[in-house]
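Structure at a glance
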Amino acid sequence: MGFSAGPNRKFATQVNAAGGEVLLDQRVRALGSHHQKLVVIRRPRRSAADVAFVGGIDLAHSRRDDAAHRGDAQPRPFAAAYGATPPWHDVQLELHGPAVADAEVVFRERWNDPTAVSRAPWQVFGDVVRGADRTASPLPAALPDPPRAGSCAVQLSRTYPRRWPGYPFAPHGERSIARGYAKALSRAQRLVYIEDQYLWSTDVARVFATALRRCPQLRLIAVAPRFPDQEGTVHVPSALLGQTAALAMVRKAGGDRVQVLDLEIGDGTPVYVHAKTCIVDDVWAAVGSGNLNRRSWTHDSELTAAVLDSDRDARDPVDPAGQGDGARRFARDLRLQLLREHLDRADGDDADLVDPDDAAATVRRSAAALDGWHRDGRTGPRPPGRLRNHRAKTPPAWQRWLTAPAYATLFDPDGRPPGMKLRRTF
């Protein structure tokens, strides 16, 4: 459909002219996207300095923001509600050690896929006319793994769709991101904290709802965008259709144990949440490109890093899940860092956030205070914090009926094999 085609071609032309090599890879399912956000840097003589980046941040204009959320001075077209320079919230991991080599494997597998980078006649014709590079040059031999670094084990999980012809490295597709989430949530006991761009799809919501029904003390805190990123008579109703159905399922299972929030800066401008992050019981943390929707769990290419720190956190509760896992330093520190940012807290000001129940109560009070300040006409000092309760508008029945086909095919397609679709498994 031409999404980002022009800027990508310009980027490829300039990099290739400078001596690099860019492939415009269309080896995806129909209406699919290579959605992985991955950078790997290897140094033959300094392997300890090897590094990889995995997460939600695209290499694109509009993404360069920080915790102050003043936005990127080089924006791209976006929904008007977010202003001229949309505030942008995202999360990325910097990896060192052997995980860098694992990330490189992901790149090498795709680079070495022998399937033509594009096959549709109009795409092939366009590539030939523009002189686009359609053949991958041989990569240098893989280097040995970098030496171990830090205290965290990192597991890379992925999504690839079932495609014809199949990917050589995933002939029936791959859904290890979905399976990783399902396994982590099957052990959740106290708190699941997520930040996600979409929160669409009842197929994904069912996994969270099952966890909430299984464990009556489990709480869910979710941070999402207030509005879709684009406007339009099809885009907005389709986005709302998927989100309202998913949130209704989760709220039915968890009741008031579920908090869904969005973000704004001090002047009331909403912050676009592009992060794809999940933290379970301060033990397991996942950061990557995969959103919580069916598209990301089955249809597009995705890459997520799950992190398990061997260092235990000594702050009470030392074992919030009560399963002997113990709170892990990386997962807890990441959750507290994000909550401090969203609550306008200084570093270390998190005594009422460490315990999962305390954190849920603190977030609820902060969002209620900010909602009340807006409801009262913004009179008096603005309460601290950026979190507000998320209220997605439910489309009317006629609009849901009209947009359901567009939602299921364009916005949240299903890339699973037929048997898995029927069984609703990943």
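Residues numbered from 1 in each chain as written. Predicted model: local features only at pLDDT ≥ 70, side-chain atom pairs only at ≥ 80, totals over all residues. Heavy atoms only, no water.

Formed by 44 residues in total, the largest nonpolar core has its most connected members in Leu-95, Tyr-193, Ile-221 and Leu-387. Ranked by residues supplied to this core, first place goes to helix 8 (residues 329-342) with five residues. With residues up to four places along the chain from it excluded, the contact list for Ile-221 reads Leu-191, Val-192, Tyr-193, Ile-194, Gln-259, Leu-261, Ala-360 and Val-363. Residues Val-204, Val-280, Trp-284 and Ala-286 belong to the second largest nonpolar core, which totals 35 residues. (Core = buried A, V, L, I, M, F, W, Y, C linked by side-chain atoms within 4.5 Å. Buried < 20%, exposed > 50% of the residue type's maximum accessible area, 1.4 Å probe, protein only. Helix = DSSP H or I, 4+ residues; strand = E, 2+ residues; numbered from the N terminus. Contact = heavy atoms within 4.5 Å.)

All right, on to the state of the cysteines then. This structure, assessed with the given rule, holds zero disulfides. The thiol of Cys-152 is not disulfide-bonded; the next cysteine sulfur, from Cys-278, is found 16 Å away. For Cys-215, which is in no disulfide, the shortest distance to another cysteine sulfur is to Cys-278 and amounts to 15 Å. (Disulfide = S-S within 2.5 Å.)

Let's shift gears to the side chain of Thr-269. Looking at the element boundaries, Thr-269 is found in the loop between strand 9 (258-264) and strand 10 (270-273). A distance of 2.9 Å separates a polar atom in the side chain of Thr-269 from a polar atom in the side chain of Asp-267. Sequence-distant contacts of Thr-269, defined by excluding residues within four places in its chain, comprise Ala-81, Tyr-82, Pro-87, Leu-263 and Glu-264. (Polar contact = N/O pair within 3.5 Å; in protein donor to acceptor, adjacent residues only side chain to side chain.)

A grouping of Trp-398, Trp-401 and Leu-402 is seen on the molecular surface, where their side chains present a nonpolar patch of about 450 Å² in accessible area. Tracing the chain through its elements places Leu-402 in helix 10 (residues 397-411). (Patch = residues over 30% accessible without salt bridge, like charges linked within 9 Å, V, L, I, M, F, W, Y side chains within 5 Å. Areas by Shrake-Rupley, 256 points an atom, 1.4 Å probe, with all protein chains shown as cover. Salt bridge = Lys/Arg side-chain N within 4 Å of Asp/Glu carboxyl O.)

On to the packing of aromatic side chains, then. Each aromatic ring pair is characterised by the separation of its centres together with the angle its planes make. Under the criterion given, the structure shown has 16 aromatic pairs. On the basis of an interplanar angle of 55° and a centroid distance of 5.6 Å, the ring pair of Phe-78 and Trp-88 is categorised as tilted. Of this pair, Phe-78 sits in the loop between strand 2 (51-55) and strand 3 (88-89) while Trp-88 sits in strand 3, and the two are ten residues apart along the sequence. In this structure, Phe-78 and Trp-88 share a single accessibility class: buried. Between Trp-297 and Phe-426, the aromatic rings sit 5.3 Å apart at their centres with planes inclined by 80°, giving edge-to-face as the arrangement. Here Trp-297, found in helix 7 (residues 294-299), pairs with Phe-426, found in the segment after helix 11 (418-423); they are 129 residues apart in sequence, far enough to count as distant. What links up through ring pairs into an aromatic cluster is the set Phe-78, Tyr-82, Trp-88, Phe-227 and Tyr-272. Stacked on the ring of Tyr-167, the Lys or Arg Arg-163 has its end atom at 4.0 Å from the ring centre. Here the basic side chain of Arg-416 rests over the ring of Phe-426, its NZ or CZ set 4.9 Å away from the ring centre. (Phe/Tyr/Trp six-rings, centres within 6.5 Å; stacked < 30°, edge-to-face > 60°. Lys NZ or Arg CZ within 6 Å of the ring centre and 35° of its normal.)

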